[in-house]
Amino acid sequence: MNSSKAVVFKKVGKGGFIIRLVCWDEFYTELQQDCKLFIFIVGVFCLFRVGFIAVMHSFLSEAVTVSDIVSALYYGLRISLKSAGMLVLVPLVCCTGLRLFLPWKRLSHIRLYLGAGYVTILSFLFHARIPYYQEFRMAFNQLLFNTLNDDVTAIMHTVIEQYNLPVRVLLASMTAFLLCKILQRWLAVKTFSFPRLPKWYQNIAIRAALLVVIFYLAIFIRFGGTMTYAYNIDWENSGVTKDQLLNEAILDDVQALYRAYILHERVCSSTGLDMEPASLNDYGSYLAGKRVNSVNLDDFLRKKVIVGTEAPPKQVFLIIAESYANWPLLPKYSNLAIANGMKELITQEEAAYVPDFLPNGMSTISGVMGVITGLAEANLYLNYLPESYKEPYATSLAPQMKRLGYTTDFWYAGPASWEKIKDFTLAQGFESFYGMGDFASQGGNVWGVDDADLYQAVLGQVQNDHPGFHVIVTVSNHSPYTVDLAREGFDPTIVTAGLPDKCKNDQELIKKLGHFWYADKMLAKFVKEARQQYPDSLFVIVGDHADRVNVETNPALFERYAVPFIVYGKNISKESFPEQTAGSHINVIPTLLELVAPGGFEYYSVGRSLTNGNDFGMNYGFWITPGYVGNADNDYQEAHLSKTGLLPPNQDKIRQEIDSARAISWWRIKYGKMLQTVKSI
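Notes on the structure follow. Small disclaimer: the values here were computed from a predicted structure and weren't measured.

The secondary structure content of the protein chain amounts to 20 helices and 17 strands. Taking the principal axes of the C-alpha coordinates as reference, the protein chain spans close to 90 × 70 × 55 Å. When the 681 residues of the protein chain are sorted by exposure, 53% land in the buried category. Of the roughly 30,100 Å² of accessible surface on the protein chain, a fraction of 59% belongs to carbon and sulfur atoms. A distance of 12 Å separates the average location of the 61 positive side-chain charges in the protein chain from that of its 64 negative side-chain charges.

Below, the discussion takes up the sheet that holds strand β17 (residues 637-639). Either a parallel or an antiparallel arrangement is found when strands of a sheet pair, and the pairing is made through backbone hydrogen bonds. The sheet built from 4 strands is open, its strands ordered β14-β15-β16-β17 with antiparallel pairing. Only two strands of the sheet have a single neighbouring strand rather than two, namely β14 (617-618) and β17. Pairing between strand β16 (residues 628-631) and β17: 3 bridges, direction antiparallel. What sits directly across from Val 629, in β17, is Glu 638.

With their axes 13 Å apart at the nearest point, helix α1 (residues 24-55) and helix α6 (residues 200-222) run at an angle of 20° to one another. Taken together, the axis directions place α1 and α6 in an arrangement best described as roughly parallel. The two elements α1 and α6 cross, and the hand of that crossing is left-handed. Residues Trp 24, Phe 27, Tyr 28, Leu 31 and Phe 38 of α1 touch α6, and the partners they reach there are Arg 207, Leu 210, Leu 211, Ile 214 and Ile 221. Among the residues making up the contact of α1 with α6, the classes are represented as 9 nonpolar, no polar and 1 charged.

Attention now moves to the environment of Phe 194. With respect to the element layout, Phe 194 can be found in the loop between α5 (165-188) and α6. Expressed as a C-alpha distance, the spacing of Phe 194 and Arg 207, which sit 13 residues apart in the sequence, is 9.4 Å. Leaving out residues up to four positions away in the same chain, Phe 194 has contacts with Trp 24, Asp 25, Tyr 28, Ile 206, Arg 207 and Leu 210.

This next bit is on the layout of surface pockets. Put simply, the largest pocket is a space of about 960 Å³. Lining the largest pocket are 34 residues, with Leu 81, Gly 85, Met 86, Ala 218 and Ile 221 positioned closest to its centre. Counting residues per element, the lining of the largest pocket draws most heavily on helix α2 (residues 66-99), which supplies 10 residues. Grouping the constituent residues of the lining of the largest pocket by class yields 23 nonpolar, 7 polar and 4 charged.

Let us now look at the sheet that holds strand β5 (residues 351-354). Strand order across the open sheet formed by 7 strands is β5-β11-β10-β4-β9-β7-β8, with mixed pairing between neighbours. Each having just a single partner strand, β5 and β8 (432-434) make up the two edges of the open sheet. Between one strand axis and the next, the sheet turns through 15° on average, direction left out of account. Across 6 bridges, strand β7 (residues 407-412) lies against strand β9 (residues 468-473) in parallel orientation. Counterpart to Asp 409 in the pairing with β9 is His 470. Against the sheet, helix α15 (residues 451-461) contacts β4 (315-321), β7, β8 and β9, and its axis sits at roughly 155° relative to β7. Each of β4, β9, β10 (537-543) and β11 (565-569) is contacted by helix α19 (residues 588-596), which is oriented at about 165° to β10, the strand it contacts most.

Glycine aside, a negative phi is what most residues show, and trans is what most peptide bonds show. Look at the link from Ser 479 to Pro 480: it is a cis peptide, with omega at 10°. Within the element layout of this structure, Pro 480 appears in the loop between β9 and α16 (493-496). Unlike most non-glycine residues, Tyr 481 shows phi in positive territory, near 55°. Structurally, the position occupied by Tyr 481 is in the loop between β9 and α16.

This next bit is on the nonpolar core. Phe 317, Phe 410, Phe 469, Leu 513, Phe 526 and Phe 565 are the most contacted members of the largest nonpolar core, which totals 187 residues. If we ignore the near neighbours within four places in the chain, the residues touching Phe 469 are Val 316, Leu 318, Leu 397, Met 401, Tyr 406, Thr 407, Thr 408, Asp 409, Phe 430 and Leu 592. With 5 residues, the next largest nonpolar core counts Trp 24, Phe 27, Phe 194 and Leu 210 among its residues.

As a further point, take the packing of aromatic side chains. Tallied over the full model, the rule gives 32 aromatic pairs. Taking 6.0 Å as the distance between ring centres and 40° as the angle between the ring planes, the aromatic pair formed by Phe 565 and Phe 577 counts as tilted. In this pair, Phe 565 is assigned in strand β11 and Phe 577 in the loop between β11 and β12 (583-584), connecting sequence segments 12 residues apart. Overall, Phe 565 belongs to the buried group, its relative accessible area being 1%. Within the aromatic cluster, the residues linked to one another by ring pairs are Phe 317, Tyr 455, Phe 526, Tyr 534, Phe 539 and Tyr 568. Its end group placed over the ring of Tyr 568, Arg 531 keeps NZ or CZ at 5.3 Å from the ring centre.

A few words now on the pattern of salt bridges. What the rule picks out here adds up to 22 salt bridges. As a salt-bridge pair, Arg 668 and Asp 298 come within 3.2 Å of each other at their nearest N and O atoms. Taken together, the positions of Arg 668 in helix α20 (residues 651-671) and Asp 298 in the loop between α9 (277-288) and β3 (302-304) put the pair 370 residues apart, joining distant regions of the chain. Comparing Arg 668 with Asp 298, the two get one shared label, buried. A salt bridge links Arg 655 to Asp 659; the shortest N-O distance between them is 3.3 Å. One end of the pair is Arg 655 and the other is Asp 659, both in helix α20 and 4 residues apart, which spans about a single turn. Judged by relative accessible area, which is 32%, Arg 655 ranks as partly exposed.

How each quantity is defined
- Residues numbered from 1 in each chain as written.
- Predicted model: local features only at pLDDT ≥ 70, side-chain atom pairs only at ≥ 80, totals over all residues.
- Heavy atoms only, no water.
- Helix = DSSP H or I, 4+ residues; strand = E, 2+ residues; numbered from the N terminus.
- Buried < 20%, exposed > 50% of the residue type's maximum accessible area, 1.4 Å probe, protein only.
- Areas by Shrake-Rupley, 256 points an atom, 1.4 Å probe, with all protein chains shown as cover.
- Lys, Arg positive; Asp, Glu negative; His and termini not counted.
- Charge placed at Lys NZ, Arg CZ, Asp CG, Glu CD.
- Pairing = 2+ DSSP bridges.
- Axes fitted to C-alpha atoms, helices over the stretch in contact; angles between N-to-C directions.
- Parallel < 35°, antiparallel > 145°, perpendicular 65-115°, else oblique.
- Left-handed = near helix turned anticlockwise from the far one by under 90°.
- Contact = heavy atoms within 4.5 Å.
- Nonpolar A, V, L, I, M, F, W, Y, C, P; charged D, E, K, R; others polar.
- 1 Å grid on protein atoms, 1.4 Å probe; cavity = no way out; pocket = protein on both sides within 12 Å on 5 of 7 lines; lining within 4 Å.
- Points joined across faces, edges and corners; volume = space filled by probe spheres on them.
- Core = buried A, V, L, I, M, F, W, Y, C linked by side-chain atoms within 4.5 Å.
- Phe/Tyr/Trp six-rings, centres within 6.5 Å; stacked < 30°, edge-to-face > 60°.
- Lys NZ or Arg CZ within 6 Å of the ring centre and 35° of its normal.
- Salt bridge = Lys/Arg side-chain N within 4 Å of Asp/Glu carboxyl O.

Here's what the structure looks like:
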């Protein structure tokens, strides 16, 4: 019973080929070899990471500390666990896996060949990364895939002349040769024998324990040094330091290439809408409210402030609240008590509230893009397209606020690397960007710091000696929902009292609602403290999207998709917006400018201001009016509870509003400001 083989031999075919099913001694030996290869590859990643920082140290900012470097090395180690695990998976299957069934000892050589191949490729990538970063300030991006579309001869000439290609190839070859020799010796190190115990059940127990350890180790590697997704690290949330070089150093070359591939795929999928210049003039004239004859798309978007103000607020805060839906503000959910902060704010005399409001898209990045550029969702990843980095769009909010004398800064609770948010906001005219690597936090998760820490950082940084415009994007009200609600004072009974009986024991739902409560509480606290600190201020509050959490299993369209639009502070009253008002994210810019700019101020926007009675909002898939919400691509519509006794818009108006905003936005993003045939572009 102490045999190391569960099934010894099975004969197959005429040639008598023998298949051995389970040999624990050989499995244990091969497994140790895979572990040695894994450790070696992780070591190579770490070595190259240190080498990259050392060679490129001149690119480090003066503010970098030893703690920042240690942090980069730590997070780099974690993300490299994932890369090494992926690479070792092949020899794990080809060597360890097949060795369980095939008595061919030469299978072990495959591991050495694969390891040597990995090391060689990584050596060349390391030496290629250095000039690539010098040129693009990134450790590989989607521009790699544009190489064949460019002048390849010119590129090769540049690489040879400017970056000493022959020398780098020689250095990479020497590095690969040395590491391959070390790997060969490392794999030759003696392995341990599988332990044999006197009792059969003891042998079964130790083998079962080994399989359990392998299982949990695989999870640990899969999530980058943690056991749960809540603290998983990947290329999109790895920018945790305040230095660009260190953030790039965190990504090993496998992760950097994966990022390049994903970004390339996103750009390739940005096919947009099928519009031609002939119809663009009609669409633009509809948005302008008059016939405009021009080949410059921006001319259709030019507007002037109608009333305005001669006493603008000194500080303007635009808060884009993560997953802050409108439904908790509705009377039918008052017993839940998770939105008391905004409910109280709405009742203030200096507050105005529009419940009939839609987000730009279904995700945070779509919402943020819509708010800061004023362009409608048109099936384009504008934060990855070249047009977004040539110059700010005429409709972008930051440059227009700067023309009014405001300094502009962007605060994001997450990493600067997420969706290229830092690069994009700076390219669109913001003067400063602050991400999770720029301020202290005791909590948070894979998506960023807790709202309390973000708001505290803003209050500590904003000075009142000069007019300022501050965009703040929160993340706490988002899965995996890791805020310590008990520490924050959340009482679950305030939620369960308002839940249907079938949901009162749904702990996951209660936790999600608790995070909404936390986000609302922190938002209300920030507005109160900021108003005290900056009395001459204006607050604009909007949800980035809804459609994440609902009490109802099948909520109505209005409850599922609507987000609130709230303004509070200087120059605001209950009469700031007409009673029959509706909109979406593309209406934020014109509305804000009408509230802070003097009469006659010229600005650009796709949407119209809510102060002027705009009564239609649209986004990627839906439209909304006071009283109705419907599907943008068919005739389905529903009356909603916000307003009653109103007639729905006719289908011609719906189609004209949606097609005009989408078409103008799509063309501006995809082809630029000039109207011309696609063939000539």
